[in-house]
Amino acid sequence: MTNYYNNNTILFLNGEFVKAAEAKMDLYSQSLHYGYSVFEGIRSYKTTNGETKIFKAVEHYERLKNSAAAMNMPYHWSTEELINATYDVLAKNNLQDAYIRPVVYAPANMKFDVNEQSFIVIEAWAMQPFLGDQLLRIMTSSFERPNPKGFKIHAKAAGHYVNSILASQEAKAAGYDEALLTDMNGFAAEGPGANLFYEKDGQLFTPALGNILPGITRATVLELCKELSIEVEEKFFSIEELKTADAAFFCGTAAEVIGFESLDEYKFPMKWNDSVSRKIQVAYKELVAAPSNSPRGGEPQPHKANLVEEV
Ligand code: PMP
């Protein structure tokens, strides 16, 4: 089990840095009772020149803002102040390679109406970069992704993740590593927390937007394809089509790029190390670890005005 926090861990809670073990939230919150909150999953990396870099920080905090707007949740933070707060959380906890979890949540409210305020917490814990030598045994889930006519599935809302938990638990109980879910039309959609790509004859394919979370890693993979002149197509495709692929992988902030060994009874025939997918995996790993001022690692980093070292 991941050790998320200990007695010394500091988190950011509504403008203050407080000990995780002493932080409080309202047990009457609409978020706890109904899964009504929005969140992000972000990673920071120790780059090759030793600095701490939050990968795609602006994209993640902009998505958090958009998720809150989609859920009618008030949101009064700027992306810049939240990125600065996140760098402070990392520094106060001596973290470089880390997973960062901001959550925007609701006050006490048992009704279904809109709130006048929202709250925010930013937590972080250590996470080492993935080595990339593991391949996943995937099961086609009996669960479909939430229907976009029932949920705003482009938003990263907590309640959607009950679906992810059910699918992942089902796959693991059946002896697989992870689930692959279909959309409401039966097309291959995504994993419980990652987007899907498959490879055929040197070309990549990924489910079109509409019924999936528009992943930031998915967008990064599309950019890498352009850079590396790898052809890629966004389209809807079936599980049967996926089972004719040479190789396939999940991608996401936590998963990074991780290849499939098999899907149900189908074993992907190409050796992972010979695949174009592997090239993407290596390029992604290089990108996340590239210094922020290098042409490839170019990430707009916020101006750090007041990094407080002690609490
Ligand atoms: N799909 C789902 C359902 C997810 O939870 C995630 C993780 N946020 C992803 C895809 C991948 O998104 P990202 O690359 O932005 O982490």
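Residues numbered from 1 in each chain as written. Predicted model: local features only at pLDDT ≥ 70, side-chain atom pairs only at ≥ 80, totals over all residues. Heavy atoms only, no water.

**Here we look at the packing of aromatic side chains**
Consideration 1: Taken as a whole and assessed by the stated rule, the structure comprises 17 aromatic pairs.
Consideration 2: Ring centres of Y198 and F205 lie 4.9 Å apart, and the angle between their planes is 25°; on these two criteria the pair is classed as stacked. By the burial criterion, Y198 is buried, and F205 matches it.
Consideration 3: Aromatic rings pair up to connect F250, F260, Y266 and F268 into one cluster.
Consideration 4: Here K92 stacks its cationic end above the ring of F17, 4.6 Å away from the centre of that ring.
Consideration 5: For R137, the ring lying beneath its charged end belongs to Y176, and the centroid distance is 5.5 Å. (Phe/Tyr/Trp six-rings, centres within 6.5 Å; stacked < 30°, edge-to-face > 60°. Buried < 20%, exposed > 50% of the residue type's maximum accessible area, 1.4 Å probe, protein only. Lys NZ or Arg CZ within 6 Å of the ring centre and 35° of its normal.)

**Topic: unusual backbone geometry**
Consideration 1: In this structure, N14 is a non-glycine residue whose phi angle is positive, near 50°.
Consideration 2: Within the secondary structure, N14 is located in the loop between β1 (10–13) and β2 (16–19).
Consideration 3: Of note in the backbone geometry, E256 takes a positive phi value of approximately 55° without being a glycine.
Consideration 4: Structurally, E256 can be placed in strand β15 (residues 256–263).
Consideration 5: With a relative accessible area of 2%, E256 lands in the buried category. (Helix = DSSP H or I, 4+ residues; strand = E, 2+ residues; numbered from the N terminus.)

**So, the layout of surface pockets**
Consideration 1: One number sums up the size of the second largest pocket: a volume of about 270 Å³.
Consideration 2: Counted by class, the lining of the second largest pocket contains eight nonpolar, six polar and three charged residues. (1 Å grid on protein atoms, 1.4 Å probe; cavity = no way out; pocket = protein on both sides within 12 Å on 5 of 7 lines; lining within 4 Å. Points joined across faces, edges and corners; volume = space filled by probe spheres on them. Nonpolar A, V, L, I, M, F, W, Y, C, P; charged D, E, K, R; others polar.)

**Regarding the site of the ligand**
Consideration 1: Near the ligand lie 15 residues; those nearest to it are K156, Y161, E190, T217 and T253.
Consideration 2: Here a nitrogen atom of the ligand sits 2.6 Å away from a polar atom, N or O, in the side chain of E190.
Consideration 3: I216 places a polar main-chain atom, nitrogen or oxygen, 2.7 Å from an oxygen atom of the ligand.
Consideration 4: In the complex, 96% of the free accessible area of the ligand, which totals 380 Å², lies under the protein chains.
Consideration 5: Its residues placed into classes, the shell around the ligand shows five nonpolar, six polar and four charged. (Near = heavy atom within 4 Å. Polar contact = N/O pair within 3.5 Å; in protein donor to acceptor, adjacent residues only side chain to side chain. Areas by Shrake-Rupley, 256 points an atom, 1.4 Å probe, with all protein chains shown as cover.)

**Quick notes on helix α7 (residues 276–289)**
Consideration 1: Between the first and last C-alpha of α7 there are 20 Å, a value that for 14 residues agrees with the 20 Å anticipated at 1.5 Å per step.
Consideration 2: Every buried residue of α7 is listed here: V276, S277, I280, Q281, A283, Y284, L287, V288 and A289. (Expected span 1.5 Å × (residues − 1).)

**Here's the deal with the domain arrangement of the chain**
Consideration 1: Per the domain assignment, the segments of the chain are domain 1 (10–125) and domain 2 (136–289).
Consideration 2: Every contact between the two is made by 21 residues of domain 1 and, on the other side, 22 residues of domain 2.
Consideration 3: Both sides of the domain 1 and domain 2 interface together cover about 1800 Å² of buried area, and 60% of this is carbon and sulfur.
Consideration 4: On the domain 1 side of the interface with domain 2, the three residues burying the most area are F39, F55 and R63, jointly 31% of the side's total.
Consideration 5: Taken together, domain 1 and domain 2 are joined by two salt bridges.
Consideration 6: Of the charged contacts in the structure, one is a salt bridge between R43 and E256, with a shortest N-O distance of 3.4 Å.
Consideration 7: Listing elements by their share of the side of domain 1 that touches domain 2, those giving two or more residues are β3 (38–39), β4 (42–46) and α2 (57–70).
Consideration 8: The leading source of residues in the side of domain 1 that touches domain 2 is α2, at five residues.
Consideration 9: Class assignment for the residues of the side of domain 1 that touches domain 2 results in eight nonpolar, seven polar and six charged. (Domains from an automatic or database assignment. Contact = heavy atoms within 4.5 Å. Buried area = accessible area lost by both parts, 1.4 Å probe. Salt bridge = Lys/Arg side-chain N within 4 Å of Asp/Glu carboxyl O.)

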